[in-house]
Amino acid sequence: GARLFFSESAGSPLGGGWERRPSQGTTDEEGRFVLSGLKPGTAYVTAMASGYRTRAAQAVQVPEEGQAPPVEITLDPGTSLEGIVRDSRGNPLPRAYVQVQGPDPTSSRMSIPTDEAGHYEIGDLEPGPFEVQASLHNGPSTRVAWEIRAGRNRLDLKLSEGTEVSGRIVDSQGSPVPGASLTLHAVAGEGETPMYRPQTEVVSSADGSFAFQGISDGEYRLTGSRQGFAPATIPGVQVAGAPVAGLELRLGPGAVIRGRLLGLDPTVANRVMVMAYSGEGTRLEGVADPSGSYRIQDVPPGEWNVTAHLNALDMARAQVEVSPGEQEVIQDLEFSSGFTLTGRVLLDRVPIPRAQVMVFSTNPEKPGGGHRETAHDGTFRLERLPAGTYSLTVLIAMGMAHAQTLEISGDRDLAIEIATGAVEGRLLSPQGLPVAGAIVSLAVEEAPFGFPGPSASSDDQGAFAFPSVPAGTYKLTVRADGIAPAESRVVVTPGGTVHVDLVVGAPERK
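Q: For this particular structure, what's the right way to read the overall build of the chain?
A: The helix and strand tally for the chain stands at zero helices and 43 strands. When the 510 residues of the chain are sorted by exposure, 43% land in the buried category. Taking contacts inside the chain between residues at least 6 apart in sequence as the whole, the part at least 24 apart equals 59%. Approximately 26700 Å² of the chain is accessible, and the part contributed by carbon and sulfur atoms is 49%.

Q: Got a minute to help me understand the sheet that holds strand β38 (residues 439-444) in this structure?
A: Two pairing modes exist for strands in a sheet, parallel and antiparallel, and in both the strands are linked by backbone hydrogen bonds. If you trace the four strands from one edge of the open sheet to the other, you get β39-β38-β41-β42, paired in antiparallel fashion. Of all the strands in the sheet, the pair left with one neighbour each is β39 (455-457) and β42 (486-492). Adjacent strand axes in the sheet meet at a mean angle of 25° when their direction is disregarded. As defined by bridge partners, strand β41 (residues 472-479) adjoins β42 across seven bridges and the pair is classed as antiparallel. Considered in β42, the bridge of threonine 473 is made with valine 491.

Q: Got a minute to help me understand the sheet that holds strand β13 (residues 163-171) in this structure?
A: With mixed pairing, three strands are arranged side by side in an open sheet as β16-β13-β19. Looking along the sheet, the strands with just one partner apiece sit at the ends: β16 (209-215) and β19 (244-251). Direction aside, neighbouring strands of the sheet carry axes that sit 25° apart on average. Bridge analysis of β13 against β19 gives six bridges, and the strand direction is parallel. For isoleucine 169, the partnering residue across the bridge sits in β19 and is leucine 249.

Q: In this structure, what is going on with the nonpolar core? I would like to understand it.
A: Most often, soluble globular proteins keep nonpolar side chains buried together rather than apart. Val423, Leu427, Phe464, Phe466, Leu476, Val478 and Val504 are the most contacted members of the largest nonpolar core, which totals 27 residues. Put simply, the parts of the chain that give this core at least two residues each are β35 (400-408), β37 (420-428), β38, β40 (463-470), β41, β42 and β43 (497-503). With near-sequence residues (within four places) excluded, phenylalanine 464 lies in contact with Val423, Glu424, Gly425, Arg426, Leu427, Val440, Ser457, Ser458, Leu476 and Val500.

Q: Hey, could you run me through the confidence of the model for the chain in this one?
A: Close inspection of predicted coordinates is inappropriate for parts of the model with low pLDDT. With 85% of its residues at a pLDDT of at least 70, the chain reaches an overall mean of 83. Confidence drops under pLDDT 50 across residues 7-21; counting only partners more than four residues distant or on other chains, this segment forms 41 contacts. Under a pLDDT of 50 for its full length, residues 190-198 has, in the predicted model, 24 contacts with residues more than four places off or in other chains.

Q: Can you walk me through the packing of aromatic side chains in this structure?
A: What characterises a pair of aromatic rings is the spacing of the ring centres plus the angle enclosed by the ring planes. Here the structure, examined in full by the defined rule, presents two aromatic pairs. Seen in terms of ring centroids, phenylalanine 210 and phenylalanine 212 are 5.9 Å apart; in terms of plane orientation they differ by 70°. Their pairing is edge-to-face. Owing to a relative accessible area of 4%, phenylalanine 210 belongs among the buried residues under this scheme. Judged by its relative accessible area of 0%, phenylalanine 212 is buried. On the basis of an interplanar angle of 65° and a centroid distance of 6.3 Å, the ring pair of phenylalanine 464 and phenylalanine 466 is categorised as edge-to-face. The class for phenylalanine 466 is buried, based on a relative accessible area of 4%.

Q: It is not clear to me how the pattern of salt bridges should be interpreted in this structure. Could you clarify?
A: Between side chains of opposite charge, a pair can form when the charged atoms approach closely. All chains considered together, the criterion is met by 13 salt bridges. A salt bridge links arginine 381 to glutamate 383, with the shortest nitrogen-to-oxygen separation between them at 2.9 Å. Relative accessible area serves as the criterion here: at 46%, arginine 381 is assigned to the partly exposed category. In this structure, a network of salt bridges that share partners links the residues Glu82, Glu121 and Arg152.

Q: Which parts of the structure should I look at to understand the pairing of strand β26 (residues 315-322)?
A: Along any regular strand, the residues point their side chains to alternate faces of the sheet. By the alternation rule, side chains of β26 split into Ala316, Ala318, Val320 and Val322, which are all buried, and Met315, Arg317, Gln319 and Glu321, of which none is buried. Looking at chain direction, strand β25 (residues 302-309) and β26 are connected through eight bridges and run antiparallel. By the bridge assignment for β26, histidine 309 is matched with methionine 315.

Q: Teacher, can you tell me more about the environment of isoleucine 112 here?
A: As for its placement among the helices and strands, isoleucine 112 is situated in the loop between β7 (109-110) and β8 (119-122). For isoleucine 112, a relative accessible area of 67% translates into the label exposed. Through-space distance from the C-alpha of isoleucine 112 to that of tyrosine 97 is 6.7 Å; in sequence the pair is 15 residues apart.

Q: What should I look at first to understand the environment of alanine 255 in this one?
A: You can see alanine 255 is positioned in strand β20 (residues 255-262). For the pair alanine 255 and proline 301, spaced 46 residues apart in the sequence, the C-alpha separation amounts to 7.7 Å. Excluding its chain neighbours within four sequence positions, the residues that come into contact with alanine 255 are Ile296, Gln297, Asp298, Val299, Val322, Glu326, Gln327 and Glu328.

Q: In this structure, what is going on with unusual backbone geometry? I would like to understand it.
A: Unlike most non-glycine residues, aspartate 298 shows phi in positive territory, near 55°. For aspartate 298, the position within the fold is in strand β24 (residues 293-299). Notably, aspartate 348 is not glycine yet its phi reads approximately 50°, a positive angle. If you trace the backbone, aspartate 348 turns up in the loop between β29 (339-347) and β30 (350-351). Under the relative-accessibility criterion, aspartate 348 is labelled partly exposed at 32%.

Reading guide: rules and limits
- Residues numbered from 1 in each chain as written.
- Predicted model: local features only at pLDDT ≥ 70, side-chain atom pairs only at ≥ 80, totals over all residues.
- Heavy atoms only, no water.
- Helix = DSSP H or I, 4+ residues; strand = E, 2+ residues; numbered from the N terminus.
- Buried < 20%, exposed > 50% of the residue type's maximum accessible area, 1.4 Å probe, protein only.
- Contact = heavy atoms within 4.5 Å.
- Areas by Shrake-Rupley, 256 points an atom, 1.4 Å probe, with all protein chains shown as cover.
- Pairing = 2+ DSSP bridges.
- Axes fitted to C-alpha atoms, helices over the stretch in contact; angles between N-to-C directions.
- Core = buried A, V, L, I, M, F, W, Y, C linked by side-chain atoms within 4.5 Å.
- pLDDT = per-residue confidence, 0-100.
- Phe/Tyr/Trp six-rings, centres within 6.5 Å; stacked < 30°, edge-to-face > 60°.
- Salt bridge = Lys/Arg side-chain N within 4 Å of Asp/Glu carboxyl O.

In structure tokens, the structure reads:
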């Protein structure tokens, strides 16, 4: 019942880009599998099964004629969490969602909805402390701190029926506001892990009344809005085992913030996203038009951070204060001017399509940069980059990355020629015995953020291999259950092979 995934490429592991979607197969009762119709060249196989660690991809050569050599994959027992989600009366709850969150944000895992028996199972976890949350859509939720140990873990969860939160929403004269949208959003407490927080919405009745049902204990932020009014918020609504009643939201007239979008090509102005944020967490959306102007309506009094985004890093912003009774505030937003960076990404002299090119300013006082995906011929284009020093990172498939710095003082055309090498090695215990099933990872030393890089597992002889990685300096990390992590610095040269022998196996300190 294990699942096998084959990814095919032409020539070098990434040289021609992916030519077709990954093929899939399932093992029989004896663990055997057969996949046919694979294109000649290098294929990468990944195996996964419930209760076992996913085995990292390894290269297989598919010949022009005949069959590829047999592939044998050893799956090591994995770490998983399973259990039953029940209601307060002990009945199993189907379609409840379970999430785990560890200290590292990348360790987050979301399960599929629980089955008809209320059962859930989440695999591929690392041992350690987690926060486990179970929730129903627009219903109660529960959170539990749990220490997950190596192997299979069980945790049954119970969801309470929750309680009621009610009140009225009125205008500035105290008259009811029917048809208003009200949102009750759970707030993460101090020191809590920032997990998914349930958000519940209702609509006010003709007399302005509203009621939320099935609300779990915790702290919430209540927000009410309706077109023609400025939104209102009540922060810090505390639910602690008893109904909360008598809340009143008062909607008042709102102001309009408007202005021009400067330094922007008018042909892209209608693609700009305009928003206003308050210090209390309220977010208002605006609109931009092809004339190069923007408008945000129904803005309550207070201080607002107004931003206009063309993409993740190409933005304009300004601080705006709306005084009580003020009807209109005019504030132009100016996009920074700068230079154009064009380029082409080649891997072992072959253009790479769909590589991710990210450019970040190294000066925190002058943020700037952008993100683009290379075209079919490996080319990319970034505009409006202010003069300065930038960190450029190229992310390629299969967990490969390239990093460099560059100076921008004018328009530049950059040829990014990435040559690859290989890393191989063996893991031995202090007694000279092979260490099998360890996870070996490579991380680019100069990357400006925590890009994880490629990973591989050591085989029964303790051997591991990375047949094709960009030349550069890497941090090699070895992790395995019950032993302390080991690290080594690796320098990969174009066309070369680095051999790394590591002695691991010292007991991990608790």
